[in-house]
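Secondary and tertiary structure notes
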Amino acid sequence: MPNPLEKKHIVLGVTGSIACYKSVDLASKLTQNGALVDVLMTPGAVKFVSPLTFSSITHRPVIADIFSPESELGINHVAVAERASVVIVAPATANTIAKLAHGLADDPITTTILATQAPVIVAPAMDAHMYENAATQENVAALQSRGYVFVGPATGRLASGLIGLGRMLETPDLLGCIKMVLSRGGDLSGRKIVVSAGGTQEPIDPVRVLTNHSTGKMGYAVAEAARDRGAEVSLVTTPTALEDPFGVNVINVRTALEMRSVLLHQCSGADALIMAAAVADWRPAKAADHKLKKGEAETWSIELVKNPDILSEIVGEGLVKVGFAAESEDLLANARAKLLSKGLHLIAANDITAPDSGFGTDTNRVTLLDREGRATELPLLTKYEVGHEILDRVAKVLA
Ligand code: PMT
């Protein structure tokens, strides 16, 4: 199962900013995901966080002094640069960005970056005025023109107490960016994959909606898996509690009709559509303009009209179509009927009766049915892994 971080040499350059504390979390998450993390620190960074903190997490030596005979750089000053899969400088101060832009090499980070062939990601963290200063902006532009990937900064509360542009991004975004950069040249590079997620909300009145239990987790996981294989990904989603995945074009919708119109647009020129969304088959015939009152009646009926079947409607030359079938009985028979009636290449028959599967869980149990009549029952997997199983098959059809 592809894990883009497994056994990858990630060089994490840490410079002198209070945001150093966030890099400890980044080093930890990278290590937990199987990456081999070499932490390089500037003298300024060491004032904020001890090298021991990082080496305790990564179980690898930290390099904070290029001239130390005990450090790997002291023996071979390009060793780390040569084995790097990717270098990320997080946090990156204005000073380090300036040094990188001018090709200086006077600390472990700038020396390594000058010598590396690996892609370099820069996550700035500084006061807003320092970031907006023309000198910094010119340095950023110079590095971007040389292919450096800048991630952030975000607007928020800064160490000075002011609110402004200069906050380093949080770990999930930095991890997403690293995975995206590592996925360059993946088997879906140059492909556009459209994914839908969440449960549509069909308004009854300004207060109430008809909806279902979908949390969006399955669709978001498919979108991340596609990003991690190099695809350009559009995720069309209803409101969820989930963070937007880094590097994915997220488009928010509420109703089935909105989802349909966005998907029709997004699928033009796309290579695949993967519909994990739970789309309401019916919607109230008319949404009331004002909140409906309880009144005296003991019962209440809502007239419903059929929503369009989005998957059936969308057809595109060469578009690979994948559906999900959430079923509580006759799983395979119902799923196969949907595969055929909606003209799909593949459908994930989703058993929603098991507690570890279906709505809201991080894992899923699906059987993949294809139009050639094959049925592959997958074991219990994370939703991200299910995404890769589906994408393995999509990639084969596209090839
Ligand atoms: O979001 P989670 O909490 O992670 O839950 C994931 C999930 C259970 C919602 C997901 O794995 C899943 O099974 N999604 C499909 C749910 C569903 O409603 O299936 P369906 O059998 O009603 O529809 C079959 C397919 O047609 C689906 O791909 C659906 O997106 C699509 N459809 C349905 C109705 C409609 N009007 N238009 C459609 O395109």
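Above: the structure in question.
What comes next concerns the included structure. Keep in mind that what you see is a predicted model, and the values were worked out from it rather than measured.

Right, let's get into helix α7 (residues 108–115). Buried residues dominate α7, accounting for 6 of its 8 residues. The opening residue of α7, the one whose side-chain oxygen lies 2.9 Å from the backbone nitrogen of Ile109, is Asp107.

Before going further, it helps to spend a moment on the sheet that holds strand β3 (residues 86–92). Here we have 5 strands laid out as an open sheet, ordered β2-β1-β3-β4-β5, and parallel in their pairing. Since the sheet does not close on itself, it has two edges, and those belong to β2 (36–41) and β5 (149–150), each with one partner. One ladder, built from 4 bridges, connects β3 with strand β4 (residues 120–124); its direction is parallel. Pairing of Val89 across the sheet is with Val122, part of β4. Each of β1 (9–14), β3, β4 and β5 is contacted by helix α10 (residues 171–182), which is oriented at about 155° to β3, the strand it contacts most.

The next point concerns the state of the cysteines. Summed over the entire model, instances satisfying the criterion amount to 0 disulfides. Counting only cysteine sulfurs, Cys177 is the nearest neighbor of Cys20, a cysteine outside any disulfide, at a range of 19 Å. By relative accessible area, which is 0% here, Cys177 ends up buried.

At a minimum axis separation of 8 Å, helix α11 (residues 217–227) and helix α15 (residues 383–398) run at an interaxial angle of 60°. Between α11 and α15, the angle is such that the two are oblique. Read as a crossing pair, α11 and α15 show a hand that is right-handed. Contacts from Lys217, Met218, Ala221, Val222, Glu224, Ala225 and Ala226 in α11 reach Lys383, Tyr384, Val386, Gly387, His388 and Leu391 in α15.

About the thresholds
Residues numbered from 1 in each chain as written. Predicted model: local features only at pLDDT ≥ 70, side-chain atom pairs only at ≥ 80, totals over all residues. Heavy atoms only, no water. Buried < 20%, exposed > 50% of the residue type's maximum accessible area, 1.4 Å probe, protein only. Helix = DSSP H or I, 4+ residues; strand = E, 2+ residues; numbered from the N terminus. Polar contact = N/O pair within 3.5 Å; in protein donor to acceptor, adjacent residues only side chain to side chain. Pairing = 2+ DSSP bridges. Contact = heavy atoms within 4.5 Å. Axes fitted to C-alpha atoms, helices over the stretch in contact; angles between N-to-C directions. Disulfide = S-S within 2.5 Å. Parallel < 35°, antiparallel > 145°, perpendicular 65-115°, else oblique. Left-handed = near helix turned anticlockwise from the far one by under 90°.

So far we have only geometry, and geometry alone does not tell us how the molecule works.
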